[in-house]
Amino acid sequence: MSDYIPVTDRERADMLVSIGVSNVSELFKDVPEKLKVKSLGLPGGLSQQEVAEKLAGIASTNRVYRSCMRGAGAYRHYIPSVVKAMVSRSEFVTAYTPYQAEMSQGILRAMYEYQTYIALLTGMDVSNASLYNGATAAAEAALMTCERNRIKVIASGNVRPDTLKVMKTYLSAKGMELVVLPDLNGVTDLGALRSALGEDSASVYVEQPNYYGLIEDLSAIGSEAHAKGAKFIVGCNPIALGLLAAPAECGADIAVGEGQPLGMSLAFGGPYLGFLACKDKDVRKIPGRIVGETVDRDMRKAYVLTLQPREQHIKRERASSNICSNEALCALTAAVYMGAMGKEGMREVASACVSYAHYAAKKFTEAGLKLRYDGEFFHEFVTVSPGKADAILDALDKRDILGGLKLDDDAILWCFTELNSKDEIDEAAELIGGAI
Amino acid sequence: MKADKLIFERSSRGARAATIRRPDVPTYTLKCAVRQELDFPEIPEVTLVRHYTALSREAFGVDNGFYPLGSCTMKYNPKLDEEIAALSGFTDIHPLAPEKSVQGALEVIYSLGEALKEITGMDAVTLQPAAGAHGEYTGLSIINAYHKGRGDFARKKIIVPDSAHGTNPASAAMAGFEVINIPSDRDKGVDLDALRAAAGADTAALMLTNPTTLGLFEKNIEEIAEIVHSAGGLLYYDGANLNAVMGIVRPGDMGFDVVHLNLHKTFSTPHGGGGPGSGPVGCKAALEKYLPDPRVVRKDDGKYAFAYSEDSIGKVSSFYGNFLVYLKAYAYILTLGAEGIRRSAEGAVLNANYLKSNISDLYSTEEGRCCMHEFVASVEKLKEETGVTAMDIAKAMIDRGMHPPTMYFPAIVHEALMFEPTETEDKATLDEAIAVLREIYAEAKETPETLKKAPHSAPISRPDEILAARSQKLRWKKQ
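Residues numbered from 1 in each chain as written. Chains lettered and ligands numbered in written order. Predicted model: local features only at pLDDT ≥ 70, side-chain atom pairs only at ≥ 80, totals over all residues. Heavy atoms only, no water.

## Regarding the overall build of chain A
Phase 1: Counting its regular elements, chain A contains 13 helices and 17 strands.
Phase 2: In terms of overall dimensions, chain A has a C-alpha envelope of 80 × 55 × 50 Å along the principal axes.
Phase 3: Relative to its full complement of 436 residues, chain A shows a buried share of 67%.
Phase 4: In chain A, the proportion of contacts linking residues at least 24 apart, taken out of those at least 6 apart, comes to 71%.
Phase 5: When the accessible surface of chain A is totalled, it reaches about 14200 Å², and 50% of it is carbon and sulfur.
Phase 6: Taken together, the 47 basic and 55 acidic charged side chains of chain A have centroids lying 4 Å from each other. (Helix = DSSP H or I, 4+ residues; strand = E, 2+ residues; numbered from the N terminus. Buried < 20%, exposed > 50% of the residue type's maximum accessible area, 1.4 Å probe, protein only. Contact = heavy atoms within 4.5 Å. Areas by Shrake-Rupley, 256 points an atom, 1.4 Å probe, with all protein chains shown as cover. Lys, Arg positive; Asp, Glu negative; His and termini not counted. Charge placed at Lys NZ, Arg CZ, Asp CG, Glu CD.)

The following block contains the structure:
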C-alpha cells in the first residue's frame, strides 16, 4: 500500500499540537456527523508493484494489431523519439496553466510557438492555445459564428459523425440549429448548400479531407457561404495540410481540427488536441487561452496569457467559452512534432500517406472491391462489396490486421499512413480477394 | 543554450530532425490544389532538444517545488501512473477497434466509473468530459434534459453563489441557462434567505462547491438541499474541492444530484501546463438515461460493451474522453484504496490547517473555524499599512523557489491569497513555506519597495499585460 503522503505519524502529532486540536477528526467538525460515510466500499490499497502488475495485465488484454488500416478520426503515425523525450520533461508535465508568467516563460513561449505553427499551417492570422479535441473545436467555432439573427449552422453530411454529434449538443443548448446536408457523390452538394443558405445562416462547416477521405472544393463552398453572409469554417486534418492548400487560401474564416495526428498516439481516443485559428478581426471571440508577446519592466521580451477579458474567470456568464483547463501538453506535443518534422518532413509524411492510400485503392480494386466515390482522396477511401464487409474484416483480423471501418454491410472506410507498407497492402489485397 | 530565441529564429535551411521510411510504392501526386510552401522551420535535432530543454528550465511544476495554487490541487503526480499510461496496450489501441479487441480498455472505463460512483455516492458516471468545465457543461445539460423530460420547460435558471469558480456561470450560460448570482452570508456560506428568495419554479439547479472556494465546509448543506429540492430544482456539485472530503462525506449523501470531478486535481493526474484534464460526471439514477453516449456496461458473461440511450444528451467529446488521463486516475485509486483515499483528504486538511495556523497572526484568515484543504488569506491590512499587495507577496515567493498561491480569488475577499498545500507535501516543506511567508511579511514592513520590484531572480521581471492586450502580438512573424 502506498499513498504518497510523506507526513510521518510523529510529525502529524506535532502538527496537530501546533494547530491546537487533539486529533484529525476535530478538523472536520463542520461536517455534519450523520452525513459522514463509514467507509468506502472499495478494495484496500495495493502496493505500487501490484498496481503495475494489475494494469500491465489489463493492458495485455487489449489487442495491438500488427498492422492498422483504420482511421476515421484517429490516425496512427510515426512519432519521432524526440517528441516523447521533450514532452515528458516533468517541468512541463507537472506544471499548471502559466498564471505566474515570471516562472512560466518556458511554457508560455512553447504555447506562443504552437500558436504560430497552427497559424502557419492553416494560413490564418491567429490561433488559441488549444481546445479539448477536434469535435469540441468545431462546436466552439460554430458558436463563434452565431449572431442574434444568424442561428443556423450548415454542415455537410460527410463530416465525421462524432463531430456532428458534439456540434449538435453544443448548438442545441444555445437554441441554435444544425442543418446537415446530404452529400453528392461523397462531397458537399453545392446545389443543396445554395438552397439551404439564407439570411439566418451563421456559418457553413465542412471537413478537409472529409469523413470519406475525399478532398472538398473549399473555394467553391466558401464562395457560396460568403454570398449569403455566412462564415466559412473548415475542419482540417493537419497532416493533409502538408500538401493541401491552406484553409485561409480557400476563403475559410475559421480553421479548426483534430491535432492528434501531430505526434499523439491513438490512446483509445484521448487525450487529443483541438486546434482553432481565425482572422485577426475575430480574435476577441476566440474561446480559451491565448499567449501574447510583451515586455517586462526591464524592456526584455516576455510572454503572458492575454486577452483574458474573454475568459470565464473574468467575464463569468458572459465569457466567450467556459473552457479553463485545455490540452496544453498535447499542444506542446504537436509543436515538438511539427518542429521535428519541419518543412520537408511534413510534406514527406503527407506524400507517403497519399501514396500508400492510392496504392491500396489500386490493389483492393484489382482484388474485386469497388471505390464508392470517384473523387480525389487523401489517405482514406471507401470501398463497396455487397454484403461482404464483415467477411473482409474478419479475414484481415485473423491475420492480425485491423482493417478499415465498416460503414454498412457493403462499405468499408480505409486509411493508410507512412506506417503501412507495400507488403502489408499486398497481403491485405490477397486476403480480401479470398474473402469476397 | 539560453531560452532567448523562438524556434522559428533557429531555423537553418536544409536542416532536419526526424526522418521517415521512404515509401516502397509509387509516389502519387494529387491533382487538386496543393500548397506552394509550408513555411515551417528547419531545425537540426540537437537544436530542437536544446531549445525545449531550455524552455523546460523556465517552467515550474510540482516536481520543482511547493505549488500551493488554491483550488487547483497541485498534488504529486505518481511516476508509476505515467509509466502505466505509456504501455503499448493502452497507447496503441484504436478508439474504433472492435469491442472484443479492447476489453481491457473497456474494463478500465467500467471499473473506474464504479469506483467514482462509490466515492461520490452517485448511481451512474460518464468519463467523457475532458476537463472540469466540460464536466460542468455536461452535468448541466443532463439537468436540462431531465427537467424537459418531465415536461417541465420553465426551469431556465441556474443559481450560483458569488464565491463560485468562474467556470460555473460560464458553463451554465453555454448550456443555455440564465444565471442567478446570490451573495454569501456572514460566515461566507450560502445566504439562505437569498437562496429561498431565488429558488422557485424557474430554478433548474443550484451549483455549489463544498468545501467552498474559501476552503470552508458549507455547514448548512442539508438545509440548502431542502430549499432547492422543495422548489423542484436539483443540486449540482462542483467537485473541484473534493480532495478535502473524499472518503469522509459523499456529495450524494449531502443531497447532490449531479457531480463533476477533476481527476487532474483530486486524483493526481498531472496538469500538463494547463491540460489535458478529465472531468467525469456522476448523477443519481433518475438522470442516468441522459448521460452522454456511449457508456460502458458489463454483460452477464463478464464481457464489456458500449451501450447507448435514446434519451442521451448526445456526445460532448470525440470518442470516450481523455482515456490516458483517467487511466492514471484509476491507477491512483487502486493504489490508495478506500483507506488511502480517506487518509489523503485528512492529510490535505491537516496540511492546510498547519500552514494556516502558523501564518494567520500575520496574514488575516477566517477565524474560529478549521479550514478544509485550502484557506484564503487577505493582505488588505498590510496593503493599507505598507502598500504591499497580494501580487507583491506572490512575486516574492517566486524569488524563494515556491509557486505562489491563487491570487485575487474569490473576489469576495480583498487582496486574497488562496493556499492549498495538498497532502503530498511533507512537514519540512510546509515549515519552509511558513518561514518564507513570515520573512516576506517582515520585508513588506521594512522595505516594501523591494517587494514591489519582485521577482528579482526570475528570467523576467513583471510583464506588461496591458501592452500585451493592446499590441496583440499573438504569433511570430517573419521580419
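## Digging into the layout of surface pockets
Phase 1: Of the volumes computed, that of the second largest pocket is approximately 980 Å³.
Phase 2: Taken together, 46 residues make up the lining of the second largest pocket; nearest its centre are Lys-84 and Ser-265 of chain A together with Ala-85, Thr-91 and Leu-324 of chain B.
Phase 3: Counting only elements with at least two residues in the lining of the second largest pocket, the list comes to helix H3 (81-87), helix H4 (90-93) and helix H11 (328-366) of chain A together with helix H2 (79-84) and helix H10 (323-357) of chain B.
Phase 4: Tallied by class, residues from the lining of the second largest pocket come to 24 nonpolar, 15 polar and 7 charged. (1 Å grid on protein atoms, 1.4 Å probe; cavity = no way out; pocket = protein on both sides within 12 Å on 5 of 7 lines; lining within 4 Å. Points joined across faces, edges and corners; volume = space filled by probe spheres on them. Nonpolar A, V, L, I, M, F, W, Y, C, P; charged D, E, K, R; others polar.)

## Observations regarding the domain arrangement of chain A
Residue and element names in this part refer to chain A.
Phase 1: What the domain assignment reports for chain A is domain 1 (67-77 + 343-435) and domain 2 (81-336).
Phase 2: Each of domain 1 and domain 2 has a C-alpha centre, and the two are 28 Å apart.
Phase 3: Contacts between domain 1 and domain 2 engage 27 residues on the former and 23 residues on the latter.
Phase 4: When the two sides are added together, the surface that domain 1 and domain 2 hide from each other amounts to roughly 2000 Å², 68% of it contributed by carbon and sulfur.
Phase 5: In this assembly, domain 1 and domain 2 are joined by 0 salt bridges.
Phase 6: Taken together, the connections running from domain 1 to domain 2 amount to 4 residue pairs in polar contact (both at pLDDT 80 or more).
Phase 7: Take the side of domain 1 that touches domain 2: its biggest share by element is 7 residues, from H11. (Domains from an automatic or database assignment. Buried area = accessible area lost by both parts, 1.4 Å probe. Salt bridge = Lys/Arg side-chain N within 4 Å of Asp/Glu carboxyl O. Polar contact = N/O pair within 3.5 Å; in protein donor to acceptor, adjacent residues only side chain to side chain.)

## Quick word on the interface of chain A and chain B
Phase 1: Taken residue by residue, the interface counts 188 residues in chain A and 201 residues in chain B.
Phase 2: Considering only the side of chain A, the residues that lose the most area to chain B are Glu-102, Met-103 and Phe-268 of chain A, jointly responsible for 6% of the buried surface there.
Phase 3: Where chain A meets chain B, there are 9 salt bridges.
Phase 4: Among the elements that take part in the side of chain A that touches chain B, H11 of chain A stands out by supplying 25 residues, more than any other.
Phase 5: For the side of chain A that touches chain B, the per-class residue count stands at 100 nonpolar, 45 polar and 43 charged.

## Let's talk about the sheet that holds strand E17 (residues 411-415) of chain A
Residues and elements named next belong to chain A.
Phase 1: Spatial strand order, E13-E14-E17-E16: 4 strands in an open sheet with antiparallel pairing. Here the strands that pair on one side only, and so sit at the sheet edges, are strand E13 (370-371) and strand E16 (405-406).
Phase 2: With 2 bridges joining them, E16 and E17 adopt antiparallel strand pairing. Its bridge partner being in E17, Leu-405 is matched across the sheet by Leu-413.
Phase 3: Along the sheet, helix H12 (residues 389-398) makes contact with E16 and E17, crossing E17 at roughly 40°. (Pairing = 2+ DSSP bridges. Axes fitted to C-alpha atoms, helices over the stretch in contact; angles between N-to-C directions.)

## Let's talk about the domain arrangement of chain B
A common way to report how large an interface is uses the accessible area buried once the components associate.
All names here are of chain B.
Phase 1: Split into domains, chain B comes out as domain 1 (81-335) and domain 2 (344-465).
Phase 2: Placing the centre of domain 1 and that of domain 2 at their C-alpha centroids yields a distance of 31 Å.
Phase 3: Opposite the 22 residues of domain 1 that make contact, domain 2 presents 20 residues.
Phase 4: Both sides of the domain 1 and domain 2 interface together cover about 1700 Å² of buried area, and 60% of this is carbon and sulfur.
Phase 5: Looking at the side of domain 1 facing domain 2, the largest losses of area belong to Leu-214, Leu-216 and Asn-243, adding up to 29% of the total buried there.
Phase 6: Where domain 1 packs against domain 2, one counts 1 salt bridge.
Phase 7: Glu-366 is the salt-bridge partner of Lys-188, the closest N and O atoms lying 3.4 Å from each other.
Phase 8: Viewed at the interface, domain 2 and domain 1 are joined by 7 residue pairs in polar contact (both at pLDDT 80 or more).
Phase 9: Counted by class, the side of domain 1 that touches domain 2 contains 10 nonpolar, 8 polar and 4 charged residues.

## Quick notes on the sheet that holds strand E10 (residues 375-378) of chain B
Residue and element names in this part refer to chain B.
Phase 1: If you walk across this open sheet you meet the 3 strands as E10-E12-E11, and the pairing is antiparallel. Of all the strands in the sheet, just E10 and strand E11 (406-407) have a single pairing partner and so form its edges.
Phase 2: By the bridge criterion, 4 bridges tie E10 to strand E12 (residues 416-419) in an arrangement that is antiparallel. Looking across to E12, one finds that Ala-377 is bridged to Leu-417.
Phase 3: Packed on one face of the sheet, helix H12 (residues 390-399) meets E11 and E12 and runs near 40° to E12.

## Overview of the packing of aromatic side chains
Residues and elements named next belong to chain A.
Phase 1: Applying the stated rule across the entire model yields 28 aromatic pairs over all chains.
Phase 2: Plain terms: the ring middles of Tyr-96 and Tyr-99 are 6.3 Å apart, the flat faces sit at 90° to each other, and that makes the pair edge-to-face.
Phase 3: A relative accessible area of 3% places Tyr-96 in the buried class.
Phase 4: Geometrically, the ring pair formed by Tyr-112 and Tyr-303 is tilted, given 4.8 Å between the ring centres and 55° between the ring planes. (Phe/Tyr/Trp six-rings, centres within 6.5 Å; stacked < 30°, edge-to-face > 60°.)

## Side note on unusual backbone geometry
Phase 1: Of the consecutive residues Gly-275 of chain B and Pro-276 of chain B, the connecting peptide bond is found in the cis state with omega at 5°.
Phase 2: You can see Pro-276 of chain B is positioned in the loop between strand E6 (258-261) and strand E7 (281-283).
Phase 3: Cis geometry marks the peptide bond from Ala-454 of chain B to Pro-455 of chain B; its omega dihedral reads 5°.
Phase 4: Looking at the secondary structure, you find Pro-455 of chain B in the loop between helix H14 (448-452) and helix H15 (465-471).
Phase 5: Within the chain, Tyr-4 of chain A stands out as a residue other than glycine whose phi angle is a positive 65°.

## Let's talk about the side chain of Glu-420 of chain B
Residues and elements named next belong to chain B.
Phase 1: Looking at where Glu-420 falls in the secondary structure, it is placed in the loop between E12 and helix H13 (427-446).
Phase 2: At 2.7 Å, the side chain of Glu-420 forms a polar contact with the side chain of Thr-73.
Phase 3: Setting aside residues up to four positions removed in sequence, Glu-420 forms contacts with Tyr-67, Pro-68, Leu-69, Gly-70, Ser-71, Cys-72, Thr-73, His-373 and Glu-374.

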